[in-house]
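Survey of secondary and tertiary structure
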Amino acid sequence: MQSEDILRRPLVAVVILSWNGRAFLEQYLPSVVRLQYQPLDIYVADNASDDDTISFLQQHYPQIHIIRIPKNEGFAKGYNVALRSVVADYYFLVNQDVEVTPDCIEPLVEMMQSSDVIAACQPKILAAWDHNRFEHAGAAGGYLDMFGYPFCRGRIFNVEEQDTGQYPDAREIFWASGAAMFVRADLFKRFKGFDGDFFAHMEEIDLCWRWKRAGYRIMYQPASTVYHVGGGSLPKENPYKMYLNFRNSLYMLFKNYESYELVWKFPVRILLDNVAFLHAVVKGRWKEAGAIFRADWHFALALPLQFKKRFDNWKQFHRNRVAATRVKQGGYYRRSIIWQFFIRGRKTFTALQSIE
């Protein structure tokens, strides 16, 4: 490609937030360096690792920009801090345990360039351990049910489908996975990025919801593929991860539900969390029960702050609105995924009815 053509193309910054990720970076950074898109800058934001990540990067990847974060800020605030110093048209936020394919960026750029109201998109996310199976964190695009439970085309709860080409279409979704999230840089900053109080988990869903409430769209691009290990920082069964998922889900719902939804859907969600707590107690899973209890208790303690955030969100939507709200459009499931999955036995996305 001629240099003048490259200069006319949007600048993409691949930003990898890493915490004690030396082993993952050693395995997956070569795929990032082989990315074919230009112009491209690559950054590793080190979240106060206590391994030899920095020295490894300095020795083997002098061309990569290193951002040093003084303390471990978690995923949400860590990215907010790192991206303050990154200048680009688009950010490609990639987990440290993700292998990218050489041509994955071009289709994402083309999709973003097709409409100014597309705030973010994601590639197809397959499992690093099985390239024919969808991976938990994103699969073929994120959805949200009426009570705020996230799931994906290709993954509902812990059931991950084989990729047989059943989801070939680019379409609007509710949320793009933080494992490989392609975002419009100016919008990320205009909406003040992720909610730093989340620390990790659910922050990308919260941000996508805020964009959608202002009229922007979130998209899935099947022409782009990456491979994700999953659980690179916290394994699925980790009690702290479970605590973050339950607590952050309540944060997100309280901030983003419309008032008429908040008065009845939020109490139902609290009830469902209590059912999960009792189930864990009956099964003798004390760490799981403790995580759910702490999540609900800490949410209650944070209620004054969440009221303020709810009001701040409302002002943000109206300042940045580009179209009528899209919350009830692409990616929103108007039924209960809990009912469909556990009672009706519908374990795959294709088995669900009335998705849109």
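Only a predicted model underlies this, so the values are computations on that prediction, with no experimental measurement involved. (Residues numbered from 1 in each chain as written. Predicted model: local features only at pLDDT ≥ 70, side-chain atom pairs only at ≥ 80, totals over all residues. Heavy atoms only, no water.)

**Details of the pattern of salt bridges**
Tallied over the full model, the rule gives 22 salt bridges. As a salt-bridge pair, Asp130 and Arg133 come within 3.9 Å of each other at their nearest N and O atoms. You can call Arg133 partly exposed: its relative accessible area is 22%. Its salt-bridge partner being Lys309, residue Asp195 comes within 2.8 Å of it at the nearest N-O pair. Placement of the pair is Asp195 in the loop between helix 6 (185-190) and helix 7 (203-213) and Lys309 in helix 11 (residues 303-320), with a sequence separation of 114 residues. Taking the relative accessible area as the measure of exposure, Asp195 reaches 9% and is therefore buried. (Salt bridge = Lys/Arg side-chain N within 4 Å of Asp/Glu carboxyl O. Buried < 20%, exposed > 50% of the residue type's maximum accessible area, 1.4 Å probe, protein only. Helix = DSSP H or I, 4+ residues; strand = E, 2+ residues; numbered from the N terminus.)

**Concerning the side chain of Asp206**
Counting through the fold element by element, Asp206 comes out in helix 7. In this structure the side chain of Asp206 is engaged in a polar contact, spanning 2.9 Å, whose partner is the side chain of Asn256. Apart from residues lying up to four places away in sequence, Asp206 is in contact with Asp195, Phe198, Met252, Lys255 and Asn256. (Polar contact = N/O pair within 3.5 Å; in protein donor to acceptor, adjacent residues only side chain to side chain. Contact = heavy atoms within 4.5 Å.)

**Describing the pairing of strand 8 (residues 142-145)**
Along strand 8, one buried face is formed by Gly142 and Leu144 and the opposite face, lined by Tyr143 and Asp145, is buried too. Bridge analysis of strand 8 against strand 9 (residues 150-152) gives three bridges, and the strand direction is antiparallel. Looking at the pairing, Tyr143 lines up with Phe151 of strand 9. Connecting the antiparallel pair strand 8 and strand 9 is a turn made up of four residues, with Gly148 showing a positive phi of about 85°. One ladder, built from two bridges, connects strand 8 with strand 15 (residues 332-333); its direction is parallel. Its bridge partner being in strand 15, Asp145 is matched across the sheet by Tyr333. (Pairing = 2+ DSSP bridges.)

**A closer look at the layout of surface pockets**
By volume, the second largest pocket amounts to about 350 Å³. Lining the second largest pocket are 15 residues, with Lys192, Lys309, Asp312, Asn313 and Gln316 sitting closest to its centre. Sorting elements by how many residues they give to the lining of the second largest pocket places helix 11 first, with eight residues. (1 Å grid on protein atoms, 1.4 Å probe; cavity = no way out; pocket = protein on both sides within 12 Å on 5 of 7 lines; lining within 4 Å. Points joined across faces, edges and corners; volume = space filled by probe spheres on them.)

**Digging into the packing of aromatic side chains**
A full pass over the atoms with the stated rule returns 33 aromatic pairs. Aromatic side chains Tyr91 and Phe188 sit 6.1 Å apart centroid to centroid with 85° between the ring planes, which places their arrangement in the edge-to-face category. Note that Tyr91 is positioned in strand 4 (residues 90-95) and Phe188 in helix 6, a separation of 97 residues in sequence. By relative accessible area, Tyr91 is classed as buried at 1%. Look at Phe134 and Tyr167: their rings are 5.8 Å apart centre to centre, the planes differ by 45°, and that puts the pair in the tilted class. Taken together, the positions of Phe134 in strand 7 (residues 130-134) and Tyr167 in the loop between strand 11 (159-160) and strand 12 (171-173) put the pair 33 residues apart, joining distant regions of the chain. By relative accessible area, which is 4% here, Tyr167 ends up buried. (Phe/Tyr/Trp six-rings, centres within 6.5 Å; stacked < 30°, edge-to-face > 60°.)

**Observations concerning the packing of helix 7 against helix 8 (residues 239-256)**
Two elements in contact, helix 7 and helix 8, have axes separated by 10 Å at closest approach and are oriented at 10°. Considered as vectors, helix 7 and helix 8 are oriented roughly parallel to each other. In this structure, helix 7 contributes Ile205, Asp206, Trp209, Arg210 and Arg213 to the contact, and helix 8 contributes Met252, Leu253, Lys255 and Asn256. Across the contact of helix 7 with helix 8, the residue classes tally to four nonpolar, one polar and four charged. (Axes fitted to C-alpha atoms, helices over the stretch in contact; angles between N-to-C directions. Parallel < 35°, antiparallel > 145°, perpendicular 65-115°, else oblique. Nonpolar A, V, L, I, M, F, W, Y, C, P; charged D, E, K, R; others polar.)

**As for the nonpolar core**
Ranked by internal contacts, the top residues of the largest apolar core, which has 78 residues, are Tyr91, Met181, Phe194 and Trp211. Setting aside residues up to four positions removed in sequence, Met181 forms contacts with Tyr91, Phe92, Leu93, Ala120, Cys121, Ala176, Phe194, Glu204, Cys208 and Trp211. (Core = buried A, V, L, I, M, F, W, Y, C linked by side-chain atoms within 4.5 Å.)

**A closer look at the environment of Val32**
Its location among the elements puts Val32 in helix 2 (residues 22-33). As for Val32 and Val183, which are separated by 151 residues in sequence, their C-alpha atoms are 17 Å apart. In this structure Val32 touches Val14, Ile16, Ile42 and Val100, once residues within four positions along its chain are discounted.

**As for the environment of Val12**
As for its position among the elements, Val12 is in strand 1 (residues 12-18). Taking relative accessible area as the criterion, Val12 reaches 0% and is therefore assigned buried. Linking Val12 and Asp296, residues 284 residues apart in sequence, is a C-alpha distance of 39 Å. Apart from residues no more than four positions distant in its own chain, Val12 is found in contact with Tyr37, Pro39, Leu40, Asp41, Ala88, Tyr90, Phe92, Ile105, Val109 and Phe182.

**A short note on the environment of Arg310**
Position of Arg310 among the secondary structure elements: in helix 11. Placed 55 residues apart in sequence, Arg310 and Lys255 show a C-alpha to C-alpha distance of 4.5 Å. Ignoring sequence-local partners within four residues, the contact set of Arg310 consists of Phe254, Lys255, Asn256, Tyr257, Glu258, Ser259 and Leu262. A polar side-chain atom of Arg310 sits 3.3 Å from a polar atom in the side chain of Ser259.

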